[in-house]
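Geometric and topological summary
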Amino acid sequence: MGRDEMGEKRKLALRTRALHVGEKPDPATKSVEAPLILSTNFVTDPDSTGFSAVDMKENDPYVYARWSTPTVRGLEEKLASLEEGEDALCFASGMSAASGLLLGTLKSGDHLVLSDVCYAGVAELARDMLPGFGIQVTNVNFADLQAVAAAIRPNTRLLWAESPCNPILRLTDLTAVSEIAHRAGAKFAVDSTIATPVATQPLTLGADWIVHSLTKYLNGHGDALGGVVIGRRGPLAELRRHALIHFGGALSPFNAWLIRRGLHTLSLRMRAHQEGALKVASYLESHPAIKRVIYPGLPSHPQYELARRQMANFSGMLTFQVKGDAMAAARRIAQRAQLFNYAVSLGKQRSLIYYIPTGDILRSSFTLDAAAEASYRSYAGEGIFRTSIGLDDPDDLCNDLEQALRE
Ligand SMILES: Cc1ncc(COP(=O)(O)O)c(C=O)c1O
């Protein structure tokens, strides 16, 4: 806690917490930076630990690395603080966090309402795997609050949104959907990977769970997979016992150490990502070869008012559509771009670009009805160039696109 000019106690700012929470000088060596502890097991005593993780209690000593380790635990404390959560639980990847939350909290006979556009891995898991476990799934456009409310059934246990969603950057009004979920006695989970806690803190808007792929902005350097679920202490302890320890997707301490280091600069990086994305988005919007740009920070975004209300930072993701042959443009960009990597993923220090044809999405990933397809197409047209603006100088990025887009 710090003290402001009035002498009132106030909470430390997010960028300060990103540096300090979950870390203190190592008592044994006095090293200022947190040590990386890779050990898979820990010396215990017969009176304090049992053999089964099911008996594990909060603040028990470390036993085995799949249950918890000091390096991962420090990261969990930091992530919980950044999202205003009571606690956090790390996993080996974003997908491991998502599947852990879905399979750890839903059972046969339960109903899930899932955004009709979300990361393809989650969409495919819900479409291809969850029904086999007896879990019913309804896909719905989470920008349409009436459709969300209409999708609720007596057995609805969980609503799941992404805001902004990957890949079309459509937003969800998190406060409104929290209310719909809670009126129905259901929980609301938000994948906030693209927003990050610098932009939006879904728990403060009423959500029950937050999921992140740590692989993206939170690590920010493209060198470690990871995932996290953030929420209330009791339900997370339950999830640790079952979804983490028994499914086994534990985060490597090495990755946790890298992600912790990435988080130190999260606030500064997000400011630079936003500055770069706004500049590149504005440049593309006036480019004669570009049909449409979608970026939450542009007044032309269909939900700009919601973006301004809900996002303190517009993040670094934008999409654009070209006027001519999109595949030809994709080939030109892949061959000619010097600063952009033509590659999947997002949220790292280097800029990325990747063409996603709408036909591929409609064929392979989602079960969209006609209204949902129309909503998808209103954001994505025939196909989008998903673009993750890195930390490069934005003028250099505009020049790189200028030469790569030239016919
Ligand atoms: C929004 C979102 N959620 C979840 C995931 C899955 O994360 P991971 O690749 O770390 O498993 C991704 C990956 O691209 C994503 O973009």
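Anything mentioned here points back to the structure above.
To keep things clear, this report deals only with the structure shown in the data block. Predicted, not measured: the structure shown is a model, and the values here were computed from it.

Quick word on the side chain of His273
One can find His273 in helix 10 (residues 266-285). Under the relative-accessibility criterion, His273 is labelled buried at 0%. Every residue in contact with His273, bar those within four places of it in the chain, is listed here: Tyr217, Ser315, Gly316, Lys348, Ile389, Gly390 and Leu391.

A look at unusual backbone geometry
Omega for the peptide link from Ser163 to Pro164 comes to -10°, which places this bond in the cis form. Its place among the elements puts Pro164 in the loop between strand 6 (156-162) and helix 6 (174-183). For Lys30, which is not glycine, the phi dihedral falls at a positive 65°. We classify Lys30 as exposed; its relative accessible area is 63%.

Concerning the packing of helix 2 (residues 70-82) against helix 9 (residues 253-263)
Contact geometry of helix 2 with helix 9 gives a least axis separation of 8 Å together with a crossing angle of 35°. For the pair helix 2 and helix 9, the sense of crossing is left-handed. Residues Thr71, Val72, Leu75, Lys78, Leu79 and Leu82 of helix 2 pack against Pro253, Ala256, Trp257, Ile259, Arg260 and Leu263 of helix 9. For the contact of helix 2 with helix 9, the class distribution of residues is 9 nonpolar, 1 polar and 2 charged.

Remarks on the sheet that holds strand 5 (residues 136-140)
Here 7 strands make up an open sheet; going across it, the order is 3-9-8-7-6-4-5 and the pairing mixed. In the strand order of this sheet, the two ends are held by strand 3 (87-91) and strand 5, each with one partner. Taken pair by pair, the neighbouring strands of this sheet meet at an average axis angle of 20°, ignoring direction. Relative to strand 9 (residues 227-231), strand 8 (residues 209-213) runs antiparallel, the two sharing 4 bridges.

Considerations on the site of the ligand
In the neighbourhood of the ligand, 13 residues make up the surrounding shell, with Met95, Asp191, Ser213, Thr215 and Lys216 lying closest. Ser213 has a polar side-chain atom sitting 2.8 Å from an oxygen atom of the ligand. Thr215 places a side-chain nitrogen or oxygen 2.6 Å from an oxygen atom of the ligand. Protein contact buries 91% of the 390 Å² of open area that the ligand shows by itself. When its residues are assigned to classes, the shell around the ligand shows 3 nonpolar, 7 polar and 3 charged.

Examining the pairing of strand 13 (residues 352-357)
Direction of pairing for strand 12 (residues 341-342) relative to strand 13: parallel, over a ladder of 2 bridges. The residue bridging Asn341 from the neighbouring strand is Leu352, located in strand 13. Pairing between strand 13 and strand 14 (residues 383-388): 6 bridges, direction antiparallel. Paired with Ile356 across the bridge in strand 14 is Ile384.

Rules behind the numbers
Residues numbered from 1 in each chain as written. Predicted model: local features only at pLDDT ≥ 70, side-chain atom pairs only at ≥ 80, totals over all residues. Heavy atoms only, no water. Helix = DSSP H or I, 4+ residues; strand = E, 2+ residues; numbered from the N terminus. Buried < 20%, exposed > 50% of the residue type's maximum accessible area, 1.4 Å probe, protein only. Contact = heavy atoms within 4.5 Å. Axes fitted to C-alpha atoms, helices over the stretch in contact; angles between N-to-C directions. Left-handed = near helix turned anticlockwise from the far one by under 90°. Nonpolar A, V, L, I, M, F, W, Y, C, P; charged D, E, K, R; others polar. Pairing = 2+ DSSP bridges. Near = heavy atom within 4 Å. Polar contact = N/O pair within 3.5 Å; in protein donor to acceptor, adjacent residues only side chain to side chain. Areas by Shrake-Rupley, 256 points an atom, 1.4 Å probe, with all protein chains shown as cover.

Bear in mind that shape data such as this cannot, by itself, settle questions of function.
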